[in-house]
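Spelled out from the first residue to the last, the chains are:
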Amino acid sequence: MTSTLIVGAGSAGCVLAARLSADPARSVRVLEAGPAFGTMAELPFELLDPGRLPVGPESALVWRYAGNLVRGKLIGGSGAINGSYFIRPPAADFAAWSAVAGPRWSFDSVLPVFCDLEDDQDFGEAPGHGIGGPIPISRTRHFTEFSADFAQRCEVTGFTEIPDLNTPATDGFGRVPLTVSNGRRSGPAVTHLYPAMERPNLTVTGDTMVTRLLLRGTRVIGVEWVRGRERGRTCADQTVLCAGAVESAALLIRSGIGPEPLLRSLGVPIVRPAPVGAWCTDHPEIGVEFPGGEPGEPAVPLEYVLHVDDLEVRPYTQMFTPGLRRVGVALMHPESTGELTLVSTDPTVAAHVDQRYLHGGRDRARLRAGVALTAELIGRRIGPVDDTWLHANLGTSQHLSGTCRMGHAHDERAVVDEQGRVHGIEALTVADLSVVPVPLRRGPQATTVMLAASIADHMVV
Ligand SMILES: Cc1cc2nc3c(=O)[nH]c(=O)nc-3n(C[C@H](O)[C@H](O)[C@H](O)COP(=O)(O)OP(=O)(O)OC[C@H]3O[C@@H](n4cnc5c(N)ncnc54)[C@H](O)[C@@H]3O)c2cc1C
């Protein structure tokens, strides 16, 4: 029996574990650093309520990094705590992806995978959509006053309403596609992992943090982990990292797979030089806040969005600062790239992500244009929007990706090949958002799930 060890039961890990364990000839073991809540009934209520983002300072369910970057630390990972916004990127992003990683990542190749995953309750019967898949997709019908007002202002300003934001991308505003069903957040643990949990060939263990890969030469034979005061090792024929864009990269570096100067400075023996963490990307977001009353009881944090070229304008239904409403302006195709490094080999010391959001002059100009557009939409003066103002109002969309980029062996930026296998290392795959080699023009949740499903299907063959 082939044994596969998956590190991390997040968005990608849940999908991968469910797909691989469908083959009874494969034993699948998942190690998750956060709580695994053995059954769906044990999930805390706040995790199923899509109107809440359980990521505040009091939350024990997240990894925290500098710059307010957080990731989910529980079964379902970031997909269990996120905004439920589930949208595909435009075909142009897959053209760029397939240009560096081959035709299996072209839009025509990935569209059937997206469709098979979907159960789109509004457009499922339409061409290029899916119905009957495991992931329910719907759009809000009863809006907060704030969202309705935003939509009206978009229309008055001259933008077109797009009924289905998953059709080929054009500028305009529309209702956000959501992984919400019967008022319940339906993340990847709910749609994929829990339904597979009864299988005898699948084991999911929570509260277990993998600290390092075990290698024999350049072959990965398993991992080392800590669970409370216990330490242990688990061996497997194949290991798949689904620890997310920060922790998958950190694990590789701690195991001797990373940039040579960094490994030397950390005193880590070099197994394989690789550009891990060197070219990451995110969607920088400016938060424009202004006085406003409570929006009421929102069903989800975001009901409408406006897309204009490479900008996404987000009228949040939630208050982040008491007494202030917020519209986010995110740059969805930045030219700036960031860098992830470690300052210590101690796995409890957080990795450092230098986002370098405003390094590119074009990125600064686009964000300024986005703020000017938002000012027009909300009918307020903002600024002056100089670099100091941009920095003061800048944050992350929580969409970090590309720390272990996919590409051909001769590509100086590539860490993994077109199937997620780490170049120069045997029996090791990375199958989460860290491998996406290009900035995506939309939120990454749908792409992460599609990516994990594609890689799993290839491993099964
Ligand atoms: C607050 C928030 C809101 C977001 N909202 C949206 C949205 O509305 N729409 C959208 O498209 N995207 C959204 N995103 C982004 C999206 O959720 C993530 O990009 C996506 O979930 C990434 O999936 P992943 O599998 O790569 O990583 P994750 O889902 O983060 O999974 C990684 C898993 O690995 C575990 N892990 C990490 N290290 C170890 C280790 N050493 N040992 C064992 N386990 C480990 C983690 O605990 C976690 O469970 C949001 C993200 C956040 C944080």
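This structure is a prediction, so every number in the text was calculated from the model and none was measured.

A.B. asks: Run through the domain arrangement of the protein chain, naming residues and quoting values.
C.D. replies: How big an interface is tends to be stated in terms of the accessible area lost upon association of its parts. Split into domains, the protein chain comes out as domain 1 (2–90 + 186–276 + 401–460) and domain 2 (137–184 + 281–342 + 350–396). Around 3,100 Å² of area is buried between domain 1 and domain 2 when both sides are counted, 61% of it from carbon and sulfur atoms. Connecting domain 1 to domain 2 are 9 residue pairs in polar contact (both at pLDDT 80 or more). Residue assignment for the side of domain 1 that touches domain 2 shows that the elements contributing at least two residues are α7 (244–254) and α8 (260–266). With 6 residues, α7 is the largest single contributor of residues to the side of domain 1 that touches domain 2. Residues that form the side of domain 1 that touches domain 2 fall into these classes: 22 nonpolar, 9 polar and 6 charged.

A.B. asks: Explain the sheet that holds strand β13 (residues 230–235) to me, and be specific about the residues and the numbers.
C.D. replies: If you trace the 3 strands from one edge of the open sheet to the other, you get β11-β12-β13, paired in antiparallel fashion. In this open sheet, the two edge strands, each paired with only one partner strand, are β11 (209–216) and β13. Pairs of neighbouring strands in the sheet enclose a mean axial angle of 25 degrees, with direction left out of account. Bridging between β11 and strand β12 (residues 219–227) involves 7 bridges; their strand directions are antiparallel. For leucine 215, the partnering residue across the bridge sits in β12 and is valine 220.

A.B. asks: With reference to specific residues and values, describe unusual backbone geometry.
C.D. replies: Cis geometry is adopted by the peptide bond preceding proline 384, which originates at glycine 383 and carries an omega value of 15 degrees. The phi torsion at arginine 356 lies on the positive side, around 50 degrees, for a residue other than glycine. Within the secondary structure layout, arginine 356 lies in the loop between β22 (352–354) and α9 (361–378). Overall, the relative accessible area of 25% leaves arginine 356 in the partly exposed class.

A.B. asks: Go over the UniProt feature "domain: Glucose-methanol-choline oxidoreductase N-terminal" (unreviewed entry) in the protein chain, please, and point to the residues and values.
C.D. replies: With numbering matched to this structure, UniProt assigns "domain: Glucose-methanol-choline oxidoreductase N-terminal" (unreviewed entry) to residues 72–95. For residues 72–95, helix accounts for 21% and strand for 4%, while the C-alpha atoms at its two ends are 30 Å apart.

A.B. asks: Just give me the short version of the packing of aromatic side chains, but keep the residues and values in it.
C.D. replies: All chains considered together, the criterion is met by 8 aromatic pairs. Their ring planes at 45 degrees and their centres at 6.0 Å tell us that phenylalanine 94 and phenylalanine 107 sit as a pair that is tilted. Note that phenylalanine 94 is positioned in helix α3 (residues 91–101) and phenylalanine 107 in helix α4 (residues 107–117), a separation of 13 residues in sequence. Assessed through its relative accessible area of 25%, phenylalanine 107 is described here as partly exposed. A ring pair is formed by phenylalanine 173 and tyrosine 304, whose centres lie 6.1 Å apart and whose planes are at 45 degrees; its orientation type is tilted. You can see phenylalanine 173 sitting in strand β7 (residues 172–175) and its partner tyrosine 304 sitting in strand β18 (residues 304–308), a full 131 residues away along the chain. Site record: aromatic cluster; members linked through ring pairs are Phe94, Trp97, Trp105, Phe107 and Phe114. For the cation-ring pair, lysine 73 lies above tryptophan 63, with the distance from its terminal atom to the ring centre recorded as 4.3 Å. Of note, arginine 325 hangs over the ring of phenylalanine 146, and the distance from its end group to the ring centre comes to 4.5 Å.

So, how was this worked out
- Residues numbered from 1 in each chain as written.
- Predicted model: local features only at pLDDT ≥ 70, side-chain atom pairs only at ≥ 80, totals over all residues.
- Heavy atoms only, no water.
- Domains from an automatic or database assignment.
- Buried area = accessible area lost by both parts, 1.4 Å probe.
- Polar contact = N/O pair within 3.5 Å; in protein donor to acceptor, adjacent residues only side chain to side chain.
- Helix = DSSP H or I, 4+ residues; strand = E, 2+ residues; numbered from the N terminus.
- Nonpolar A, V, L, I, M, F, W, Y, C, P; charged D, E, K, R; others polar.
- Pairing = 2+ DSSP bridges.
- Axes fitted to C-alpha atoms, helices over the stretch in contact; angles between N-to-C directions.
- Buried < 20%, exposed > 50% of the residue type's maximum accessible area, 1.4 Å probe, protein only.
- UniProt positions renumbered as here; feature names shortened; annotations may be inferred.
- Phe/Tyr/Trp six-rings, centres within 6.5 Å; stacked < 30°, edge-to-face > 60°.
- Lys NZ or Arg CZ within 6 Å of the ring centre and 35° of its normal.

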